[in-house]
Amino acid sequence: MAIAGVAVVALAGAVVGLKVLLTPPAPPVAPGCAVRSGSLTFDLSLDQAANATTITAVGKRLGLPDHAVTVALAAALQESQLHNLNYGDQDSLGLFQQRPSQGWGTAAQVTTPRYAAAAFFEHLAAVPNWENLPVTVAAQSVQRSGAPTAYAQWQSEARALAIAMTGEIPAGLRCQYPSLPTNTTTVSLTDTMTGELGASTLGVALPAARGWTVAAWLVGHATEFGILTVSFDGQAWSAATGTWATGAVADPVVRITRAPATPS
């Protein structure tokens, strides 16, 4: 009887082992970012998140209210789906499909997200009473599109992105990566942040909204600059998990860790 019992145990162990062998491996983590607004989640690719946080950063650097960011994001969602396109109708290019032939800048300039965003905001600020215009009317006043009401369809998503990226809510943008970001860029993180966000972004105490704008920008650009963690005001984002966790020290300074610099 003991021999039979051993045989049963051995057989059971073999079945368990077979199940383990037959269990498919976990699927790889899908890279991407997301912003939640109530019951809705808006998904972004990594480059869309980087471009959206750049647009947001430039708007805030220029001292514009959050409504301006919403307008700009709605325009970019309609014109390019937040991708920095090197093609378009006639000579239209970039996030906002700006035309060099119409005085928006050179092809190289309008396909530089920071420049393109600043050009959009400059034209928006020149629109009379733009602050009180609906998103689609304000966007059309700048873009002068053949589909003047098309921007309205993006208003909810643009507003959700603006809320998350201007710091109206904390830890609003989360991004995950299939593997940890690496640091192969030769571009200066400090110079890029200064150009897009303005001076005094890292290593200094910041008001909550400003700090979360900076934190969102860092998360959105993590893959470009090899950023592994971002922490601010008691919350910390990790590239390893793709999420924000509470429990960090409530520090008013945005702090990061980066992967070691490696040759590209």
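Read on for an overview of the structure. Predicted model only: the values in this text are computed from it and were never measured.

### A short note on the packing of helix H5 (residues 113-125) against helix H6 (residues 135-143)
And then number 1: Orientation of H5 relative to H6, taken along the N-to-C sense of each, is 110°, at an axis distance of 9 Å. Put simply, H5 runs roughly perpendicular to H6. Facing H5, whose interface residues are Phe120, His123 and Leu124, H6 presents Ala138, Val142 and Gln143.

### Points about helix H8 (residues 189-197)
And then number 1: Those residues of H8 not exposed but buried are Leu189, Thr192, Met193, Glu196 and Leu197. Buried residues in H8, looked at end-on, bunch into an arc of 100°, giving them a common side. Along H8, the residues that are exposed and aim more than 90 degrees away from the buried face are Thr190 and Asp191.
And then number 2: Lining the buried residues of H8 we find helix H2 (46-61), H5, helix H9 (208-220), helix H10 (222-225) and strand E7 (255-258).
And then number 3: In this structure Ser188 caps H8, since a side-chain oxygen of it lies 3.4 Å from the backbone nitrogen of Thr190.
And then number 4: Within two residues after H8, Gly198 carries a phi angle of roughly 100°, on the positive side.

### Examining the pattern of salt bridges
And then number 1: Under the defined criterion, the tally for this structure stands at 4 salt bridges.
And then number 2: In this structure, the salt-bridge partner of Glu168 is Arg159, at a minimum N-O distance of 2.9 Å.
And then number 3: Here Asp251 makes a salt bridge to Arg255, at a shortest N to O gap of 2.4 Å.
And then number 4: Judged by relative accessible area, Arg255 falls into the partly exposed class, the value being 44%.

### Some remarks on the sheet that holds E7
And then number 1: Strand order in the open sheet formed by 4 strands is E6-E5-E4-E7, and the pairing between neighbours is antiparallel. Each edge of the sheet is formed by a strand with only one pairing partner; in this case those strands are strand E6 (243-246) and E7. Each strand axis lies, on average, 20° off the axis of its neighbour in the sheet, ignoring direction.
And then number 2: As judged from the 4 bridges shared by strand E4 (residues 227-232) and E7, these two strands associate in the antiparallel manner.

What counts and what doesn't
- Along each chain, the written sequence defines residue order, and numbers are assigned to residues from 1.
- A pLDDT threshold of at least 70 governs which residues receive local features in this predicted model, and a stricter bar of 80 or more applies before side-chain atom pairs are shown or counted, although totals over entire chains, interfaces and linings include all residues.
- Where side-chain values are given, they derive from all heavy atoms of the structure, hydrogens and water being excluded.
- With axes taken as lines fitted to C-alpha atoms, and helix axes fitted only over the stretch in contact, angles between N-to-C directions fall between 0 and 180 degrees.
- Only DSSP runs of H or I reaching four residues or more are called helices, and only runs of E reaching two or more are called strands; each is numbered from the N terminus.
- Working rule for angles: under 35 degrees goes down as roughly parallel, over 145 as roughly antiparallel, 65 to 115 as roughly perpendicular, anything else as oblique.
- Contacts are assigned to residue pairs with any non-hydrogen atoms lying within 4.5 Å of each other.
- The buried label goes to any residue with under 20% of its type's maximum accessible area, the exposed label to any with over 50%, and the partly exposed label to all in between, with areas taken from a 1.4 Å probe on protein chains only.
- To obtain the arc, one takes the directions from the helix axis to the C-beta atoms.
- Nitrogen and oxygen atoms within 3.5 Å of one another constitute a polar contact, given that in protein one can donate a hydrogen and the other can accept it, and given that sequence-neighbouring residues count only through two side-chain atoms.
- Any carboxyl oxygen of Asp or Glu that lies within 4 Å of a side-chain nitrogen of Lys or Arg is treated as forming a salt bridge with it.
- Two strands are said to pair when DSSP picks up at least two bridges between them.

No statement about biological role is implied by the geometric values presented.
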